[in-house]
Amino acid sequence: MGLVADNLYPFSSHYLEVRGQRLHYLDEGPRDAPLVLMLHGNPTWSFYYRNLVLALRERFRCIVPDHLGCGLSDKPAINQYDYRLQSRIEDLGSLLTHINVQTPLTLVVHDWGGMIGFAWAVENPGRVKNTVVLNTAAFPLPGDKKMPATLKLIRNSTFGAFLVLRFNAFSAIAARVAFKKPVSGAVRQAYTAPYNSPQNRIATLKFVQDIPLSAGDPGYDILTNTAKRLHLLKDKPCLIAWGEKDFVFDAPFLNQWIDYFPKAEIHRFPDCGHYVLEDGGPVLIDTIVNFIGITEDSYHGYASGKYLESR
């Protein structure tokens, strides 16, 4: 058994060397199938998408990386990797170059995956077929939204950083408050398992410290430039599934997405939190699978019927 029990994470691991570090990713499904790229946030990892991968991999090729410092990827020291948004985008580009799929893909994003994924997407709009947006952002903090106190403490204080590195505070807290429905202890443990030492928790701290809030922050220019070009994707099919009990990405963020993508298919989940894929369960998984399947068939101009024989 590895970091997580095989029955919870029944996938083969793949690795790509990036900046002298091993970037872990899943590559599930037929190699010639339409590509679905899933990008996680902080403090999750590819485990977050496990049920969606299982539901899609008979018909689609699912690529799911662990960002450096997360999940099963290497966890470099701060003098080996800068943990900045620009580097994350470049790492994603390296992975997609390695995968070498030329047909347009489906982009699925959550949390920091939205900033990383859409920054890449606006640079490559022709390579994006459709998008699935899950409690995330790809634009500056909405004007009617304030930085949550917990994130502010971690981002701006040495004490907050100490709590994250020494006690795994960010991952442990998220494993409690990001779910709004019952979940097994094994699942909670799987989310925190990769972050089992101060060295292995650097990414969970740096992601928070790298949140760009104003013009002087690294990555803020990337964020504003991405927001200005989201219109390049507004006519592509988009599904937005939103957990309305999110302690960070709440109504102001959802409203902003609707402004950017007014044609999007919106699914609100009033009883779900930040880990909306967990709380939403089979209903949300089926909603996403149906959306990707229908838009894929529309893209190719045919109706394929049943595309998953069993779940």
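Before reading on, note that the structure itself is shown above.
Just so you know, these numbers come straight off a predicted model, no measurement behind them.

*Asks:* What exactly am I supposed to notice about the side chain of threonine 131 here?
*Replies:* When you line up the elements, threonine 131 lands in strand β6 (residues 128-136). What threonine 131 contacts, discounting residues up to four positions off in sequence, is Leu107, Phe118, Pro237, Cys238, Leu239 and Phe291.

*Asks:* Even after reading the chapter, I still don't get a nonpolar patch on the surface, so can you show me in this structure?
*Replies:* A surface patch of nonpolar side chains, about 420 Å² in accessible area, is lined by Leu153, Phe159, Phe162 and Phe167. The element best represented in the nonpolar patch is helix α5 (residues 158-167), accounting for three residues. Topologically, phenylalanine 162 is positioned in helix α5. Of the residues examined, phenylalanine 162 reaches a relative accessible area of 43% and is grouped as partly exposed.

*Asks:* How do you make sense of helix α2 (residues 85-99) when you look at a structure like this?
*Replies:* Because the α-helix completes a turn every 3.6 residues, residues three or four places apart line up on one side. Given a rise of 1.5 Å per residue, 15 residues ought to cover 21 Å, and the 21 Å separating the end C-alpha atoms of α2 matches this to within 8%. Turning to α2, its buried residues number three or more, namely Leu85, Ser87, Arg88, Ile89, Asp91, Leu92, Gly93, Leu95, Leu96 and Ile99. In the stretch just after α2, asparagine 100 is the one whose phi turns positive, near 60°.

*Asks:* Got a minute to help me understand the pairing of β6 in this structure?
*Replies:* As a general feature of sheets, a regular strand has side chains that alternate between the two faces. The buried fraction of β6 amounts to nine of the nine residues, a majority that puts the element mostly inside the structure. Two elements, strand β5 (residues 105-111) and β6, share seven bridges in a ladder whose sense is parallel. By the bridge assignment, aspartate 111 is partnered in β6 with threonine 136. For the crossover that starts at β5, traverses helix α3 (residues 112-123) and ends in the parallel β6, the hand is right-handed. In this sheet, strand β7 (residues 238-243) lies alongside β6 in parallel orientation, the contact comprising four bridges. Bridging from a neighbouring strand, valine 133 pairs with isoleucine 240 of β7.

*Asks:* Please clarify how the packing of aromatic side chains should be interpreted in this entry.
*Replies:* A ring pair, where both rings are aromatic, is described by two values, the distance of the centres and the angle of the planes. Scanning the entire structure with this criterion turns up 19 aromatic pairs. Relative to phenylalanine 207, the ring of tryptophan 112 has its centre 5.1 Å away and its plane inclined at 45°; by these criteria the two rings are tilted. You can see tryptophan 112 sitting in helix α3 and its partner phenylalanine 207 sitting in helix α8 (residues 202-209), a full 95 residues away along the chain. An identical accessibility class is assigned to tryptophan 112 and phenylalanine 207; each is buried. Linked through ring pairs, Tyr9, Phe11, Trp45, Phe47, Tyr48, Tyr49, Phe179, Tyr191 and Tyr275 together constitute an aromatic cluster. Here arginine 22 stacks its cationic end above the ring of tyrosine 15, 3.9 Å away from the centre of that ring. Sitting above the plane of the phenylalanine 47 ring, arginine 50 keeps its charged end 4.0 Å from the centroid.

Parameters at a glance
- Residues numbered from 1 in each chain as written.
- Predicted model: local features only at pLDDT ≥ 70, side-chain atom pairs only at ≥ 80, totals over all residues.
- Heavy atoms only, no water.
- Helix = DSSP H or I, 4+ residues; strand = E, 2+ residues; numbered from the N terminus.
- Contact = heavy atoms within 4.5 Å.
- Patch = residues over 30% accessible without salt bridge, like charges linked within 9 Å, V, L, I, M, F, W, Y side chains within 5 Å.
- Areas by Shrake-Rupley, 256 points an atom, 1.4 Å probe, with all protein chains shown as cover.
- Salt bridge = Lys/Arg side-chain N within 4 Å of Asp/Glu carboxyl O.
- Buried < 20%, exposed > 50% of the residue type's maximum accessible area, 1.4 Å probe, protein only.
- Expected span 1.5 Å × (residues − 1).
- Pairing = 2+ DSSP bridges.
- Right-handed = clockwise from strand over helix to strand, strands pointing away.
- Phe/Tyr/Trp six-rings, centres within 6.5 Å; stacked < 30°, edge-to-face > 60°.
- Lys NZ or Arg CZ within 6 Å of the ring centre and 35° of its normal.

Read these as geometric descriptors, not functional statements.
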